[in-house]
There are 2 protein chains.
Amino acid sequence: MKNRRQNVIDTAHKLFIEKGYQATSIQDILDGSGISKGTFYNYFPSKGELFIAIFRSFYKRIRHDREKLLEGQDSADIEIFIKQLELQMMGNKQSKLLILIEEVRVSNDEELKQFINQILLLSIRWMHGRFLDIFGEGNKPYLLDCVIIFHSMMTHMNHFNHRANAVTKPEIEIIRYCMNRIIQTVDEVAKSKEQILDPELIHTWFPQFENNLYPCHNNLLKATAELKTAIHTTFPCGEHRTRAIELVDFIQDELMQSDTPRRFLIESLLLSLKNHYSEQVQTYMENFEESINACLVQ
Amino acid sequence: MKNRRQNVIDTAHKLFIEKGYQATSIQDILDGSGISKGTFYNYFPSKGELFIAIFRSFYKRIRHDREKLLEGQDSADIEIFIKQLELQMMGNKQSKLLILIEEVRVSNDEELKQFINQILLLSIRWMHGRFLDIFGEGNKPYLLDCVIIFHSMMTHMNHFNHRANAVTKPEIEIIRYCMNRIIQTVDEVAKSKEQILDPELIHTWFPQFENNLYPCHNNLLKATAELKTAIHTTFPCGEHRTRAIELVDFIQDELMQSDTPRRFLIESLLLSLKNHYSEQVQTYMENFEESINACLVQ
DNA sequence: TTACATTTATACAAGCAGTATAATGAAAAT
DNA sequence: ATTTTCATTATACTGCTTGTATAAATGTAA
C-alpha cells in the first residue's frame, strides 16, 4: 500500500527531527511505524534511500511553490526573490531539513553524501540564476562569489539567530539584512573588479548541462515554465487561461511529486489541453509533451 | 610511555584524514599503531577523547603562534590580523582539522559535539575581540553580526575555492577579498544602524566568564599576555628582555602543550624569573604565578 | 477455491564501541 | 637475587548497529 509507505516516511521524519538521523535506528522506525523489518526493506533499499525519499517529498513542494511565486512576475523584482527565500526558510524551518542535511552531509553513506552535495549545488545554481535576473548580465563575473557569500551569510545568521534563544528576530528580518548587505557587495566588487570564483565553474559542477532530483525533471520544469509564460502572454486574463494553467500545473505535479505518476490521467489531460490550446502555443506544447514522455519512460 | 601515546595520536590523525573520523574504526588505529585494545583504552577513555587529544595537540600550537604575531604590535593593525588568519588557514589546511570538525560536529557522541561547539564559539569570540581592536568600540553593536558574516564567508569561499580544482587562488587572496567586503559592511551597518544579534549574546554563550580547552588556561593566557606586554614596555630592547620573554613563553608552553607539565622545571624557571625581573613588573608577575598554580593543581 | 503478492517473525552475518580478565614481560624495590 | 608492581597483550564477551535470508501467515484478486 502507498499509504503504509508514506506513513513510514512520516514516522521516520518525525524521529529524525527528534533524535537525529544517525541516532535513529531502523528498529526505532520499525517500532514507531508498526511494520516489520522485511516490509521496511521492501519499501526502501537502505536507510539512506529512506532519507532521500523524505527529502524529495518535502523539497519538491518547496521548489514548486517557489517557482509559482515567480509566475507572470518581473524576475528582476527583488521583493519576489525575498518572498521566495522566506518561503524556503519557512519550509526548512518546519521540516528541519537543513539541520538533517547538515548531519547527513558528513555521514558514512557515500551515496547519500553525494545526493546532499548535489542538492546544495542545485541551491547555489538556482540562486545564481536569480542573481542574474536581479543584478543583470553585466555583473555576471562577480555573481558566483556573491551567491556563495549570500548563501553562507543567510545560513549562519539564521543559525545563530535561532540559537539566541532570548530574542530571535523573525526570518524576514534576516533575509532583508542579508539582502541589503549583498546588494552593496555586488556593487562594490563590480566596481573594484575583484573576482575569486569564475561563474563558469557552475557548468563544471553540472557537466551534462542538466542534473536534478531526476534528470528528466529539469527539462520538464523548463518546458512547463515556458508553456505557462506563453499561455500568460497569449490568452487574456480569465477562466479560460486559469483553467489551462491549472491543467499544466496538475500534470507537472503528478509527474514530479508522485513516485508512480498515473499515466492515464496525464495522457487524458494532455489531450484535452492540446485540443483547446494547441494552435496558439504549438511549439511550447510540443516541447511540453516531449518532456512529459521523457519522464514517463524513466 | 609518552612516545607510544603520541604515536597513537599521530597514526589516528593520519587515518582520520585519509578515511574520515567515523569511517576509521578503533581496530584500524590498533593495527596502524601496533598496540592492543587494552593499551588504547588505557590511553584514551573513548574514541571521542582521542579526537579531542588530536585536536588539542594541533590547535594549541596554532593559537599560540597566532598570539605571538600580535606581541608588541598595534592590535588595530589589519595587516597583523590578516597574518593571523593566514596562519590559521595554513594550519587547518595541513592538519585538515576543519574538515574533521565538520564531520564530528554532527556525530553521535554528545560530549564530542559539545566540545566542537565550544571550539567554534571560541573562534567566534576571538574574532569578535579582534574586530573590536580593529573597528573600535564605537562599532561594537554591529560587530557580532559582522563576525558571523566574516567567519562564514571565509569558510565557504575557501571551501568552494578548493573545490574549483582547475584554478585555486592562494589563501591570502581569499582573506583579502573577505576583509575588503567586511570593512565595507561594518561601515554600512554602522551607518544604517542595522543589528540582528546583540554582542552581549557572547556572554550568554560563555556563562562563567571564562571557558577554554581547560578553563584555567584562560587565566594563564591573559596573565601571560599582560606580563609580556609589561616586560616589553618596562625593559629596553635587548638580550635581557628577549631572555625574559623566552622564559615566560616556555613556561606557558609547558603548561598548555603538555599533558603532564614538569612541575620542577616550571618552578625553577619561575624562581629565576622572579629574581631578575620581579621588582619592575611585580603585580603582573604575581598574577602570572597565581594562574600557573591554578593550572598545576588541575 | 486457487494463485499470487505482501507482510511477519525470526534467525543470521558482519561490523561497531567498549568492558573484563587472565597471562606475559620488564623494570624497580626489597 | 627475589619479589613486587605496573603497563601491555590476547582474547572473549556484551550489546548495539545495518542489512540479508527464509519459512510461515495473511490478504487480495481471478
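For the structure, check the block above.
A quick note: this is a predicted structure, and the numbers were derived from the prediction, not measured. (Residues numbered from 1 in each chain as written. Chains lettered and ligands numbered in written order. Predicted model: local features only at pLDDT ≥ 70, side-chain atom pairs only at ≥ 80, totals over all residues. Heavy atoms only, no water.)

Moving on to the interface of chain B and chain A. Taken together, the 39 residues of chain B in the interface contact 39 residues of chain A. For the pair chain B and chain A, the two sides together bury roughly 3700 Å², of which 62% comes from carbon and sulfur. Summed over the three residues of chain B that lose the most area to chain A, namely Phe160(B), Tyr177(B) and Ile196(B), the buried surface amounts to 18% of that side. The interface formed by chain B and chain A contains six salt bridges. Between Arg181(A) and Glu188(B) there is a salt bridge whose closest N-O contact spans 3.0 Å. (Contact = heavy atoms within 4.5 Å. Buried area = accessible area lost by both parts, 1.4 Å probe. Salt bridge = Lys/Arg side-chain N within 4 Å of Asp/Glu carboxyl O.)

On to the packing of helix H13 (residues 263–277) of chain A against helix H14 (residues 282–297) of chain A, then. Residue and element names in this part refer to chain A. Relative to each other, H13 and H14 sit at 175°, their axes nearing to 12 Å. The angle between H13 and H14 falls in the class roughly antiparallel. Every residue of H14 that contacts H13 at Arg-263, Ile-266, Leu-270, Leu-273, Lys-274 and Tyr-277 is listed here: Met-285, Phe-288, Glu-289, Ile-292 and Leu-296. By residue class, the composition of the contact of H13 with H14 is eight nonpolar, no polar and three charged. (Axes fitted to C-alpha atoms, helices over the stretch in contact; angles between N-to-C directions. Helix = DSSP H or I, 4+ residues; strand = E, 2+ residues; numbered from the N terminus. Parallel < 35°, antiparallel > 145°, perpendicular 65-115°, else oblique. Nonpolar A, V, L, I, M, F, W, Y, C, P; charged D, E, K, R; others polar.)

Time to look at the environment of Leu100(B). All names here are of chain B. Within the secondary structure, Leu-100 sits in helix H6 (residues 97–104). Under the relative-accessibility criterion, Leu-100 is labelled buried at 2%. A sequence separation of 78 residues divides Leu-100 from Gln-22, and the C-alpha atoms of the two residues are 9.7 Å apart. Setting aside chain neighbours within four positions, we find Leu-100 in contact with His-13, Phe-16, Tyr-21 and Phe-51. (Buried < 20%, exposed > 50% of the residue type's maximum accessible area, 1.4 Å probe, protein only.)

All names here are of chain A. Here the structure, examined in full by the defined rule, presents 32 salt bridges over all chains. One salt bridge connects Lys-19 with Asp-28, and the closest N-O pair in it is separated by 2.9 Å. Given a relative accessible area of 22%, Asp-28 falls into the partly exposed group. Linked by salt bridges that have partners in common, Lys-68, Glu-71, Lys-228 and Asp-249 make up one network.

On to the relation of the copies chain B and chain A. The operation relating chain B to chain A is a screw motion whose rotation component is 180°, with 0.1 Å of axial translation and a residual RMSD of 0.1 Å. Each copy turns onto its partner about a two-fold axis. Closest approach to the rotation axis among the C-alpha atoms of chain B is made by Ser152(B), whose C-alpha sits 2.9 Å away. Comparing contact sets, 100% of the residues at the interface of chain B also lie at the interface in chain A, consistent with an isologous, same-surface contact. (Least-squares fit on C-alpha atoms with pLDDT ≥ 70 in both.)

Looking now at the protein's contact with DNA strand C. Around DNA strand C lies a shell of 15 residues, among which Thr39(A), Asn42(A), Tyr43(A), Lys37(B) and Lys47(B) are the nearest. Expressed as a percentage, the sugar and phosphate content of the atoms of DNA strand C within 4 Å of the protein is 67%. Elements with a minimum of two residues in the surface near DNA strand C: helix H3 (37–43) of chain A together with helix H3 (37–43) of chain B. With four residues, the top contributor of residues to the surface near DNA strand C is H3(A). A breakdown of the residues in the surface near DNA strand C according to their chemical character gives five nonpolar, seven polar and three charged. (Near = heavy atom within 4 Å.)

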